[in-house]
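Listed here are the chains, written in short residue letters.
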Amino acid sequence: MENKIWIKNKFLHLSYLVGREISGIINKQKKSREKKAILLFCQSQVMEEHLLNFMEQLEEKPIYTFYLWFDKNYAPKTTLFAQKEITVISKKWKLFCMRWDLIVCPDMDYPFWLKKGTIPVLYIGHGSGGISYDGGEHSYDYSSASLDEKGRPLFDIMLEPNKETARFMKEDPVYGKIIRCAGYRFAYKMKDASLKKEEYQKELGILPGKKVVSVWGSWNKESLFHVLGPKLFDICSDLKQKGYTFIFSIHPREYQRYSDEIEPLGMLVEKQREEGFLVRSPGEDWLPYMMASDLILVDYSAMLSLAVLAGKKVILSDFPEERIWKKSMYYEIKQIFPVLKEVNQLEDALQKIENTDKYDKEILRFQDQLYVSKEEYKRFIQDVVMELTGE
């Protein structure tokens, strides 16, 4: 059996090597074309909305034709692209045999083996750059994860959502020349939606006069629901009697096993519907749940940036500081905003933050780092794509 697996892996390796050379020949010398082929690489459900947003900035331009490739570990039955003019590629060999003008990646891997320098590759990201896997020294975006075996960036351009981060990273000898920034792609949505809190509450069936708290957890053992534990639900149940309404949302990775040592909590969160709580499931639009909230309890997930953009009062779960980049907005937020050390302190933390304007100026400062208007962001993406495709 082991011998068969070795032979299979060897065959795949050789076929990918051949495919890379074929792709290199096809894409080495491009002539100007009326249509530009753009490949969107989607590795998971989390990535869909980021790729869709990218596509929407360009779809008014008839010059672009869009293609979509799903990673082998992600085979969705329905997608956010269902109503879009986009071709889903189902056979991997086609990736090697087509002429591509641009490949778009929201995470740190390629859709197929590329011949360096033959196809422009754009990294758009899927968050706001706070996560660290080396004790806080580097962010995930600006670490070995985004470099090849020779220490060169994997991408021709990387989009940075935070203006302050972009400012100092442009001095970096490795990444400085490839960083482009306008702001966070969902910023304009938040500004418009922030005026409609009552409408969203009504849409979700929340009774008037309730204090709405949404709870957003990432994945892994340091994330919110793991750190606070099942007792969180018991305490929230008691607080419901005191006029609070709770919304729970957990990262899609928590719906399947990703570690032998960690029990995923997705189904436990889903079960809270039976207890009368609101639950936002993966694939549902996060915007109504976020904007219906008065207060946000969150960890280091991308929802922290969205909460700031929404102008919400924030309480953080007590995750290790080395989990986030020391130069990131996330790290600074953790030094400023309340941190829930023990789940028993939840009621006190909620009361303190809902009755103070102490953090309003800080929220505005962080919003400035992320905000970009709808028109500015569309123009920014169009300019970046023109730069890469040589229009």
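Thresholds applied
- Residues numbered from 1 in each chain as written.
- Predicted model: local features only at pLDDT ≥ 70, side-chain atom pairs only at ≥ 80, totals over all residues.
- Heavy atoms only, no water.
- Helix = DSSP H or I, 4+ residues; strand = E, 2+ residues; numbered from the N terminus.
- Pairing = 2+ DSSP bridges.
- Contact = heavy atoms within 4.5 Å.
- Axes fitted to C-alpha atoms, helices over the stretch in contact; angles between N-to-C directions.
- Parallel < 35°, antiparallel > 145°, perpendicular 65-115°, else oblique.
- Nonpolar A, V, L, I, M, F, W, Y, C, P; charged D, E, K, R; others polar.
- Phe/Tyr/Trp six-rings, centres within 6.5 Å; stacked < 30°, edge-to-face > 60°.
- Buried < 20%, exposed > 50% of the residue type's maximum accessible area, 1.4 Å probe, protein only.

Located in the positive-phi region is Asn220, a residue other than glycine, with phi close to 100°. Residue position: Asn220 is located in the loop between strand 8 (211-217) and helix 7 (224-228).

Sheet architecture is open: 6 strands sit in the order 10-9-8-11-12-13, paired in parallel fashion. Both outer strands of the open sheet, strand 10 (278-280) and strand 13 (339-340), are each paired with one neighbouring strand and no more. Bridge count between strand 12 (residues 313-317) and strand 13: 2 bridges; the pairing is parallel. Pairing of Leu316 across the sheet is with Val339, part of strand 13. Packing of helix 13 (residues 346-354) onto the sheet brings it into contact with strand 8, strand 9 (244-250), strand 11 (295-298), strand 12 and strand 13, and relative to strand 12 it is tilted by some 150°.

Relative orientation of the contacting elements helix 12 (residues 329-336) and helix 14 (residues 360-370) amounts to 175°, with a least axis distance of 12 Å. The angle between helix 12 and helix 14 falls in the class roughly antiparallel. Contacts from Met329, Glu332, Ile333 and Ile336 of helix 12 reach helix 14 at Glu362, Arg365, Phe366, Gln369 and Leu370. A class-by-class count of the residues in the contact of helix 12 with helix 14 yields 5 nonpolar, 1 polar and 3 charged.

This paragraph deals with the packing of aromatic side chains. Applying the stated criterion across every chain, the model contains 22 aromatic pairs. Geometrically, the ring pair formed by Phe70 and Tyr74 is edge-to-face, given 5.6 Å between the ring centres and 75° between the ring planes. Both residues of the pair, Phe70 and Tyr74, belong to the buried class. Here the aromatic cluster, defined as three or more aromatic residues joined through ring pairs, consists of Phe225, Phe233, Tyr244, Phe246, Phe248 and Phe277.

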